[in-house]
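Coordinates in review
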Amino acid sequence: MGIGRRRPTAGATRTAGAARAAGAARASGATRASGATRAAGVAAVALAVTAGTIGTAGAVGAAPDGDGDARRPGVNRLEGVWQTDGYGILVEVRGTAFTTYDVTRVSCTPGFYSGTQVGAPGRDGTVRYGQSGKSYASFSLAPRGRDRAVYQEDGATSARDLTRLPGGLPAQCRQPAPQDALSAFDRFWATFDENYPFFAAKGIDWRAKGAQARAGITPQTSTDDLQKVIVGLLEPLGDAHTALGRKRPGGGYAGVFGGLRPGTAEPTDEVREQAARAVAAQLLAPERTFGRGRLGVGELPGGIGYLRVSAFDGYVEDGPYQDHAAELDKALDLLLAHPERLNGVVVDLRLNGGGSDQLGLRIASRLTDRPFLAYRKVARNDPADPTGFTRPQPSVVRPAVGTTRYTGPVALLTAGSTVSAGETFTQAMAERRPAPVRIGENTQGVFSDIMFKPVSADLVAVLPNEKFLTRSGSTFDGPGIPPNVRTPVFTPEELNQGRDSALTEARRILSAGSTGAADAADTADAADAADAAAAAGAGPR
């Protein structure tokens, strides 16, 4: 399993409504559905990671000097200890094992991610790794000279830079981490203080809040009490990419808290069922489903195609990124079988729980005939400076090759339950020409990959540390991406009457032709820019 995950559900990562982790974690362990994973819908996100996936401290192998055997194919030139640029992670490569440690100014603990080498190193020294017990690889580590390396998840839209630590694993990492309540609290507080990017934008004085909470912790503070203290600090953030998980007696973690933007609600199973009926009432025939029900393809009157994307992950029960991409392609091939006959396409993201950003870009690549910048991604990388970020990494949408594409009018349906990867796809598509018209409500407002950071023997915290930048350098973190045309989305009134105003409006606009769709998309450009600027706070340095 990689070090840059989003949503740990069986077969996928990214995410999190982050974890509105009210659901019990699956005991199967966190597997990936695709690349860097993302945010699980605003619905419950199971913290599906077993204790066996957490790295354990061990002796450091001797780092090669770059000469002799280290230059030969089949020899692992990555032996040693590496530090990521940002993310607060040390990586130890020893033999076939890939082990991580989480570091702050006050702690070093075994990390949440580990892996096992799959196959021999490549001729350039690249080593492929996968989750222990899996036959396929899901991420790689590649040397860049003697003392630098690059970490890349399959299907991820960005990579992470690593630098070799010449002294090996710090002594603090070799010692058992103290498990008393005060030490656990300090680890939690420092982890957020050094990584969370949005305190200023949310008006949170983290230092003052932390000092006040810490004053109430004593040697008698129980895990239950510590849990309440931590939840009390997380709740005011209103961030669906923050969560807290607690170890279950049978293994794995159960979510005990998941953040959510004020004014939004998690869709219940009943809402999902009613929403499906409201959509079906406008389709010419029942939708064809793919990806274990997470994808749906249908046809609307007037030659308008319909694509429902309920997640950007979990399309197969278990398998590498390529298997999930292949399942997505089946849905897109049906949707775009005859692009010349389409008068418009509706992409329904309203109940999208997130997943892989790359799968979102894969859809975008079928909806363009020219490359365009999707977004640029940065991560906090200076523990002492909240304005310090990594160099921006651009993600570019490139037209798909060797398959059908559609370049006409597109409508995107969004809501507060459009989360994470659903939002990065929405942000990317804003740069498409012609621009899609967005209909419905603001998205949830969480874009970053999420990190899982052990707090104690029983608790694990979830948090973001990245920004997805627009072309102007702003972000939509917090308020989310606003629609061009605002309509009700699956309200009780709408559902009780079997109405779907957003879908009806999309049909009306697309039926008016490309000019009508373009006009609708252009009406809110100035408002979008203002919203993004307000959400951005201090930009990256």
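A brief report on the enclosed structure follows.

Definitions and cut-offs
Residues numbered from 1 in each chain as written. Predicted model: local features only at pLDDT ≥ 70, side-chain atom pairs only at ≥ 80, totals over all residues. Heavy atoms only, no water. Pairing = 2+ DSSP bridges. Helix = DSSP H or I, 4+ residues; strand = E, 2+ residues; numbered from the N terminus. Axes fitted to C-alpha atoms, helices over the stretch in contact; angles between N-to-C directions. Contact = heavy atoms within 4.5 Å. Parallel < 35°, antiparallel > 145°, perpendicular 65-115°, else oblique. Left-handed = near helix turned anticlockwise from the far one by under 90°. Nonpolar A, V, L, I, M, F, W, Y, C, P; charged D, E, K, R; others polar. Buried < 20%, exposed > 50% of the residue type's maximum accessible area, 1.4 Å probe, protein only. Polar contact = N/O pair within 3.5 Å; in protein donor to acceptor, adjacent residues only side chain to side chain. Phe/Tyr/Trp six-rings, centres within 6.5 Å; stacked < 30°, edge-to-face > 60°. Lys NZ or Arg CZ within 6 Å of the ring centre and 35° of its normal. Salt bridge = Lys/Arg side-chain N within 4 Å of Asp/Glu carboxyl O.

Judged by pairing direction, the sheet is antiparallel, and its three strands sit side by side in the order β16-β15-β21 without closing on themselves. Only two strands of the sheet have a single partner each, and these edge strands are β16 (393-397) and β21 (466-469). Strand-to-strand twist across the sheet, computed as the mean angle between neighbouring axes with direction ignored, equals 25°. In the sheet, strand β15 (residues 372-379) pairs with β16 via five bridges, with the strands oriented antiparallel. The residue of β16 that forms the bridge with Leu373 is Val396. Contacting β15 and β21, helix α9 (residues 421-429) runs over the sheet at an angle of about 135° to β15.

With that settled, consider the packing of helix α7 (residues 321-335) against helix α8 (residues 357-365). At a minimum axis separation of 11 Å, α7 and α8 run at an interaxial angle of 30°. By the angle between their directions, the pair α7 and α8 is classed as roughly parallel. In the crossing of α7 with α8, the sense of the turn from one axis to the other is right-handed. For the pair α7 and α8, contact is made by Tyr321, His324, Ala325, Leu328, Asp329 and Leu332 and by Gln358, Leu359, Arg362 and Ile363, respectively. For the contact of α7 with α8, the class distribution of residues is six nonpolar, two polar and two charged.

For the rest of this paragraph, the subject is the environment of Gly203. Its place among the elements puts Gly203 in the loop between α3 (199-202) and α4 (206-214). Taking the relative accessible area as the measure of exposure, Gly203 reaches 64% and is therefore exposed. With 33 residues separating them along the chain, Gly203 and Pro236 place their C-alpha atoms 9.9 Å apart.

Turning next to α8. Burial within α8 is extensive, with seven of its nine residues counted as buried. Of all the positions in α8, only Asp357, Leu359, Gly360, Leu361, Ile363, Ala364 and Ser365 are classed as buried. Here α8 starts with a cap whose side-chain oxygen sits 3.2 Å from the backbone nitrogen of Gln358, and that cap is Ser356.

Okay, the pairing of strand β10 (residues 253-258) next. Within β10, five of the six residues are buried, which leaves it mostly tucked inside the rest of the structure. As paired elements, strand β9 (residues 243-247) and β10 share five bridges and run antiparallel to each other. Residue pairing in the sheet places Gly245 in a bridge with Gly255 of β10. In textbook terms, the turn of a hairpin is the stretch between consecutive antiparallel strands, and for β9 and β10 this stretch comprises five residues, one of which, Gly251, has a positive phi near 110°.

We now examine the packing of helix α2 (residues 181-195) against α4. Their axes nearest at 11 Å, the elements α2 and α4 cross at an angle of 175°. Taken together, the axes of α2 and α4 lie roughly antiparallel to each other. Counting all contacts with α2, which are made through Leu182, Phe185, Asp186, Phe188, Trp189, Phe192 and Asp193, the residues of α4 involved are Trp206, Arg207, Gly210, Ala213 and Arg214.

The next point concerns the packing of aromatic side chains. A ring pair, where both rings are aromatic, is described by two values, the distance of the centres and the angle of the planes. Applying the stated criterion across every chain, the model contains 18 aromatic pairs. Pairing Phe185 with Phe188 gives two aromatic rings, centres 6.4 Å apart and planes at 55°, and the pair type is tilted. Note that Phe185 and Phe188 are positioned in helix α2 at a spacing of three residues, about one turn of the helix. For the pair formed by Phe185 and Phe188, the shared burial category is buried. Linked through ring pairs, Phe185, Phe188, Phe192, Tyr196, Phe198, Phe199 and Trp206 together constitute an aromatic cluster. A cation sits over an aromatic face here: Arg160 above Tyr87, 3.5 Å from the ring centre.

This brings us to the environment of Thr96. Along the chain, Thr96 turns up in the loop between β2 (89-94) and β3 (97-103). When its relative accessible area of 48% is taken as the criterion, Thr96 is described as partly exposed. If near-sequence neighbours (up to four positions away) are discounted, Thr96 is found in contact with Gly115, Thr116, Gln117 and Tyr129.

What follows deals with the pattern of salt bridges. Under the counting rule described, the total for this entry stands at 26 salt bridges. Between Asp193 and Arg105 there is a salt bridge whose closest N-O contact spans 3.0 Å. Note that Asp193 is positioned in helix α2 and Arg105 in the loop between β3 and β4 (108-117), a separation of 88 residues in sequence. Here the salt bridges share partners, and the residues they tie into one network are Arg105, Asp193, Glu194 and Arg207.

Note that all results are geometric; they support no functional claim without further evidence.
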